[in-house]
Amino acid sequence: MIQSLYYKEWLKSRWLLLIILLAFVGVILYSFVSISQELRVGGANQVWDLIVQKGVTYFGYIKYLPLVAGILLAISQYVPEMSNKRLKLTLHLPLSESKIMLTMLSYGVVSLFLIFIVAFVGIYFGARLYFPTEIAYWNMIITLPWFVGGIVAYLLTAWICLEPVWKQRIYNSLISILIVALYYFDAMPEAYNPSLIYLLCIAVLSVSFSFYSLIRFKDGAQF
């Protein structure tokens, strides 16, 4: 039954996942082209000075891409469930509601995680072609809050979509904006390092939000 649920989610989102993957590949390749251009025009000394002295990262182009990816994937999964009344049918499957919800969420989280890992590792090994290990690692670790923010954006968008009452959806959206903003502040490189553990804890806690909306949907909440 769980495999059937995964397959159902795959049918809804497979083309979007392909587009997301291609978008990451395209943006990362563009970042490498920018690095090559800077090295060719300005020289290695200038690029080194920008990175070491001014904290410039050449992978800022992907900053909001995980955020957009998470939001779009959640919409592709849960808006059809709510607009076409499919969720009621899904909840009647011979499986507990909590397992059904966890399966749907895990599909989205795992799908994004795999794409993000490919991008994360690609940034590191691509940067190693141009810079020492320390600089490549530094460029990679800067992107970590953005990728975690993409997962959180997915979970919070699912929470919003599953909420049966429009007024409550607005409240949920405002709360979600405040939470997601924590991952995308314009801060100095590595400024997030001391708070990464807290950002990860928020991501884990965000999993529970959709279960609250599911309970409200099952109970026929009107306000």
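What counts as what
Residues numbered from 1 in each chain as written. Predicted model: local features only at pLDDT ≥ 70, side-chain atom pairs only at ≥ 80, totals over all residues. Heavy atoms only, no water. Helix = DSSP H or I, 4+ residues; strand = E, 2+ residues; numbered from the N terminus. Buried < 20%, exposed > 50% of the residue type's maximum accessible area, 1.4 Å probe, protein only. Areas by Shrake-Rupley, 256 points an atom, 1.4 Å probe, with all protein chains shown as cover. Lys, Arg positive; Asp, Glu negative; His and termini not counted. Charge placed at Lys NZ, Arg CZ, Asp CG, Glu CD. Expected span 1.5 Å × (residues − 1). Arc of directions from axis to C-beta. Contact = heavy atoms within 4.5 Å.

Engineer: Is there a simple way to explain the overall build of the chain in this structure?
Structural biologist: A count of helical and extended segments in the chain gives 10 helices and zero strands. Helices and strands appear in the chain in the N-to-C order α-α-α-α-α-α-α-α-α-α. Expressed as lengths along the three principal axes of its C-alpha atoms, the size of the chain is roughly 65 × 30 × 25 Å. Within the chain, the proportion of its 223 residues that are buried is 44%. As displayed, the chain has an accessible area near 12000 Å², and 71% of this comes from carbon and sulfur atoms. Here the chain holds 15 positive side-chain charges and 10 negative ones, and the gap between their average locations is 11 Å.

Engineer: I keep staring at helix H8 (residues 166–181) and nothing clicks. Help me out?
Structural biologist: Because an α-helix completes one turn every 3.6 residues, residues spaced three or four positions apart along the sequence face the same direction. Along its 16 residues, H8 runs 22 Å from first to last C-alpha, staying within 8% of the 22 Å computed at 1.5 Å per residue. Among the residues of H8, those classed as buried are Arg 169, Asn 172, Ser 176, Ile 179 and Val 180. Axial view of H8: buried residues confined to an arc of 85 degrees, hence all on one face. Looking at H8, the residues exposed on the side facing more than 90 degrees away from the buried face are Lys 167, Ile 170, Leu 174, Ile 177 and Leu 178. Buried residues along H8 sit against helix H3 (65–83), helix H7 (144–162), helix H9 (196–206) and helix H10 (209–218).

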